[in-house]
Each structure stands twice: as C-alpha cells, then as structure tokens.
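As a plain string of letters, each chain reads:
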Amino acid sequence: MSDRRADSRPDRDLDLVLFGATGFTGGLTADYLADAAPAGLRWAIAGRNADKLEAVRRRLAEAGADDVEVLVADSTDAAALSDIARRARVVATTIGPYLEHGAPLVAACAEAGTDYLDLTGEPEFVDRMFLEHHQTAVRTGARLVHACGFDSIPHDLGAYYTVQQLPDDEPITVRGVVRSGGAFSGGTFHSAMEQFARAKQMRATYAARRRAEARPEGRSSRAVRGKPHRDPVLGYWLLPLPTIDPIIVARSGAALASYGPKFRYSHWVGTKTLRYAAGGAVGVGALTLAAQVKPLRELIKSKVPQGSGPDDAKRAKSWFTVDFLGEAGEQTVRTRVSGGDPGYTETAKMLAEAAMCLALDDNPGTAGQVTPAQAMGEAMLDRLQKAGIRFETLAGSVSSG
C-alpha cells in the first residue's frame, strides 16, 4: 500500500471539509472543530442548502472561527463532489443513511486520493464501498475510514488499547460489553431499521466482499457471536449486540499483527438484571420483524426524526462505558473506555478528532478502505484521551502456571 500522509498533498488548499454541518450531529461536529481546531487549520463546511450553511458559518464566526469557507454541493452531484474532493486533504460526512446518500462522495474521494470519514453503522454500505472503491483508493492513496462515531471508535480503539497490553505471539480473545445512558441519534436509528429490512442484501454483499478480500497470511481474525448469559467477571447479563462494531474490530485484528496469530472478538450489551436483558432481546426482535413491513417501518422511523436531538442539559447527563476483557495464554487484562453522551456529543467529538488526526498527524502508511485503528492507531488513541474520553486499565494478571 502507498503511504499517503497529509504532508504529501501540498496541492490541496483545504485541510478538511465537513459535509452535513446543517444537521444536528453535523452542527455539533462543526462547533467542536471551531473550538478545538488548531490555529491555521483550513477547513470548510459543505452541503446543498446555501442559506442554512451561511447561518452555520455565522454561528461559527461568532465562536471565533471566522475563516470557515462554505461549499455548496448536493450529495448526488458527482462533478461538484469531485471538485471538492480534489481541493481537500480530508472529507468527513454526517449525511445518512449512507446507503441512500453516501456512495457518490466515497467515489469522489477514492478517485481524488482524498481521505474520507463517516459515521455509518451500515455493514452493507461499508462492504459495497469496499467492493467498488477499495482498489481505486489503494491506487490513489486515499484512506476510506467508515464508522468514526460511537459506531465504532470506542470499540475499535478500545480493543486496540486492550490488545496492546497482551502478548502478540499467543491467540487472543477479547469481549466488549457496552452500557449507556443516553439516546441514540435519529440517523443511527433510521440506518438500523433499513439494515434490518435488508438482511438478504446485507448477507449477499458481505459474501461478495469475503470472496474478494485478501486474508492475512498465517493469522486469523473474526467476530464470534454467543448466546445470552451472565458474565461471571463483569457481573452483567450479556446480550449479543447486532451492530457493525464487532465486524470493524475483527477487520482491525486481520490488518494488525499485534492482535496475535488467532484473534476472536465478541460484542455485547450488558444489563444488571435478567429482566432487562430479556426485554432488550424482545425489543430488537420486534424491531427486526417490523422492519420487514415497509408501511410499519416508515411509521416507526417517523417517530424518531433525523436532524434533531436532545438539548444540552439532557446530553450532559448522558454517558457510556465499554468494558473489555482480553485473554492471551495465561495473561488477562480488563480495560474500560468511557465518556459522555454517546449518540451526539461524543460522536461529534470522535468524528472531528478523527478528521484532524488524518489531516494533521503522523499516521501509519495505509491506503484503501481501512478501520479507525488501522488508519490512526496510537495517534487517535492519544487524541481521544486528550479530548476527555477515558481509556483505563482496571486489572491485569499473569499466571505463573
């Protein structure tokens, strides 16, 4: 793969372009960039509505970011997207569902050699983009990094953080257990409902990717799904969590030798009581069934609108934790990633920090469709910790046998 870091693209006049700044999560991301971006960062906001973009630009100027450029482009306008991609080192987008809106921007970035990030939790979209644009991105040096919000930064970087504390010459197993108090975003919910409705297409696209994708030599890495049970170490009832996160973690395991010769990852939601675990299983099953009937699916989606979210006070009370238990040979380590509101505030922070990481930091020499841990690794881990997302080692042990 080619090493295409930010400083190898001196012809670009913008370091970063943010699509979707007029939406709720996109607006939070723009606000975060206005507050956290270093002096001299050349960045722009982009979207299809010039008036709404100008209103965001004025708000950012009042916050001290008075040199943000406005770029008008519809998500279906290939020529306009290509022009923007050729100007930028990094493009980040919050415009979903990505199966519906995302492909033209990925194509533009892959062809232009421009790094691309999004917030998707849609496995079918990620696999389609791999099949259609991975090889182009390898050729041009673009890094296509999906799932850069709560899906899947805490899980991917949390597993990475855990694995670095284990020997890399032994098989490694890691389980991640998610708990949260906060609302998921409307965009995430809409994407999930569409994926529930497209199980057949999702399986077919995944199989096509598996046939096309190279395997690591002499190593293996995969996500495993178990049955609900009570975790004797963590003390929670565990329910398998059908999200993109375990897929992303397993792909990092395939890409990085530090995950050992045989890496296995399982992903769960944790509850304190069996009653909540059972209720969660019933709820997911009911939504999956409802998603198969289009009128019912659309009715449910209408109850959770996109482009809006909870106010500052409610988000301030929200939180998440992801506990990891890693085992390799006779050694175990328990770690935790934790932070504030997962669906909005921390997701905006993660996307903004990932965009700045790709634009500004010394990252591994990767290209093509890559995971957050593969693309950014230690640099992103450092950024997240400095931004207030906690990575802690709670316990570790080595048995003498």
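What counts as what
Residues numbered from 1 in each chain as written. Predicted model: local features only at pLDDT ≥ 70, side-chain atom pairs only at ≥ 80, totals over all residues. Heavy atoms only, no water. Helix = DSSP H or I, 4+ residues; strand = E, 2+ residues; numbered from the N terminus. Buried < 20%, exposed > 50% of the residue type's maximum accessible area, 1.4 Å probe, protein only. Contact = heavy atoms within 4.5 Å. Areas by Shrake-Rupley, 256 points an atom, 1.4 Å probe, with all protein chains shown as cover. Pairing = 2+ DSSP bridges. Core = buried A, V, L, I, M, F, W, Y, C linked by side-chain atoms within 4.5 Å. Salt bridge = Lys/Arg side-chain N within 4 Å of Asp/Glu carboxyl O. Right-handed = clockwise from strand over helix to strand, strands pointing away. Phe/Tyr/Trp six-rings, centres within 6.5 Å; stacked < 30°, edge-to-face > 60°. Lys NZ or Arg CZ within 6 Å of the ring centre and 35° of its normal. 1 Å grid on protein atoms, 1.4 Å probe; cavity = no way out; pocket = protein on both sides within 12 Å on 5 of 7 lines; lining within 4 Å. Points joined across faces, edges and corners; volume = space filled by probe spheres on them. Nonpolar A, V, L, I, M, F, W, Y, C, P; charged D, E, K, R; others polar. pLDDT = per-residue confidence, 0-100.

Asks: Just give me the short version of the overall build of the chain, but keep the residues and values in it.
Replies: Looking only at helices and strands, one finds 15 helices and 15 strands in the chain. Here the chain holds 401 residues, and 51% of them are scored as buried. Considering only contacts within the chain whose residues lie at least 6 apart along the sequence, 81% involve residues at least 24 apart. Of the roughly 17,100 Å² that the chain leaves accessible, carbon and sulfur atoms contribute 52%.

Asks: So what about the sheet that holds strand 3 (residues 69–72)? Which residues, and what values?
Replies: What the 7 strands build is an open sheet, ordered 3-2-1-4-5-6-14; its pairing is parallel. Strands with a single pairing partner mark the edges of an open sheet, and in this sheet they are strand 3 and strand 14 (368–369). Note that strand 2 (residues 43–47) and strand 3 share 4 bridges and pair parallel. Residue pairing for strand 3: Ala 44 is matched across the bridge by Glu 69.

Asks: Quick rundown of the nonpolar core? Include the residues and the values.
Replies: Ranked by size, the top nonpolar core spans 89 residues in total, and within it Val 17, Phe 19, Trp 43, Leu 60 and Leu 117 carry the most contacts. Looking at which element gives the most residues to this core, the answer is helix 14 (residues 345–360), with 9 residues. If we ignore the near neighbours within four places in the chain, the residues touching Val 17 are Ala 44, Ala 46, Leu 71, Ile 84, Ala 88, Val 90, Val 91 and Ala 92. One finds Leu 234, Tyr 236, Leu 238 and Trp 268 within the second-largest nonpolar core, a separate group that totals 5 residues.

Asks: For the pattern of salt bridges, give the residues involved together with the corresponding values.
Replies: Per the counting criterion, the structure on display carries 22 salt bridges. The salt bridge involving Arg 87 is made with Asp 13; its shortest N-O contact spans 2.6 Å. Of the two residues, Arg 87 sits in helix 3 (residues 78–87) while Asp 13 sits in the segment before strand 1 (14–19), which places them 74 residues apart along the sequence. By relative accessible area, Arg 87 is classed as partly exposed at 25%. The partly exposed category is assigned to Asp 13, whose relative accessible area is 34%. Across the pair Lys 386 and Asp 382 runs a salt bridge whose closest N-O atoms are separated by 3.1 Å. Of this pair, Lys 386 and Asp 382 both sit in helix 15 (residues 372–386), 4 residues apart, which is roughly one turn of that helix. According to the relative accessible area criterion, Lys 386 is exposed, its value standing at 69%. When salt bridges with common partners are traced through the structure, they connect Asp 127, Arg 209, Glu 213 and Arg 251 into a single cluster.

Asks: How would you explain helix 5 (residues 103–112) if you had to name every residue and give the values?
Replies: Those residues of helix 5 that fall on the buried side of the exposure criterion are Leu 105, Val 106, Ala 108, Cys 109, Ala 110 and Ala 112. Where helix 5 is buried, its residues contact strand 1, helix 3, strand 4 (88–93), strand 5 (115–118), helix 6 (123–140) and strand 6 (143–145). With its phi angle positive at about 70°, Gly 113 sits one or two positions after the end of helix 5.

Asks: Summarise the pairing of strand 5; cite the residues concerned and give the values.
Replies: Burial along strand 5 is two-sided: the face carrying Asp 115 and Leu 117 and the face carrying Tyr 116 and Asp 118 are both buried. Bridge count between strand 5 and strand 6: 2 bridges; the pairing is parallel. Counterpart to Tyr 116 in the pairing with strand 6 is Leu 144. Viewed along the sheet, the connection from strand 5 through helix 6 into strand 6 turns out right-handed.

Asks: Explain the packing of aromatic side chains to me, using residue names and the numbers behind them.
Replies: For the coordinates displayed, the defined rule picks out 5 aromatic pairs. Measuring from centroid to centroid gives 5.1 Å for Phe 150 and Phe 320, while their planes differ by 70°, and the two rings are edge-to-face. Taken as a pair, Phe 150 in the loop between strand 6 and helix 7 (153–163) and Phe 320 in strand 12 (residues 319–328) lie far apart in primary sequence, 170 residues in all. Their ring planes at 85° and their centres at 4.9 Å tell us that Tyr 259 and Phe 263 sit as a pair that is edge-to-face. With a relative accessible area of 0%, Phe 263 lands in the buried category. Taking NZ or CZ as reference, Arg 209 lies 4.1 Å from the ring centre of Phe 130, over its face.

Asks: I'd love a proper account of empty space enclosed by the protein, names of residues and values included.
Replies: Under the counting rule described, the total for this entry stands at 1 cavity of 30 Å³ or more. Considering the residues around the largest cavity, the lining is formed by Phe 19, Ser 75, Leu 81, Thr 93, Ile 95, His 101, Gly 102, Leu 105 and Tyr 116. The class makeup of the residues in the lining of the largest cavity is 5 nonpolar, 4 polar and no charged.

Asks: Tell me about the confidence of the model for the chain, and name the residues and values.
Replies: On average, residues of the chain score 89 in pLDDT, and 84% of them are at 70 or above. Confidence drops under a pLDDT of 50 for residues 1–7, and excluding neighbours within four residues, the segment shows 26 contacts in the predicted structure.

Asks: Account for the pairing of strand 1, naming residues and giving values.
Replies: Among the 6 residues of strand 1, 6 are classified as buried, and the element is accordingly described as predominantly covered. Relative to strand 2, strand 1 is paired through 4 bridges, and the arrangement is parallel. Bridged to Leu 16 within strand 2 is Trp 43. In this view, the connection linking strand 1 to its parallel neighbour strand 2 by way of helix 1 (residues 24–36) has right-handed handedness.

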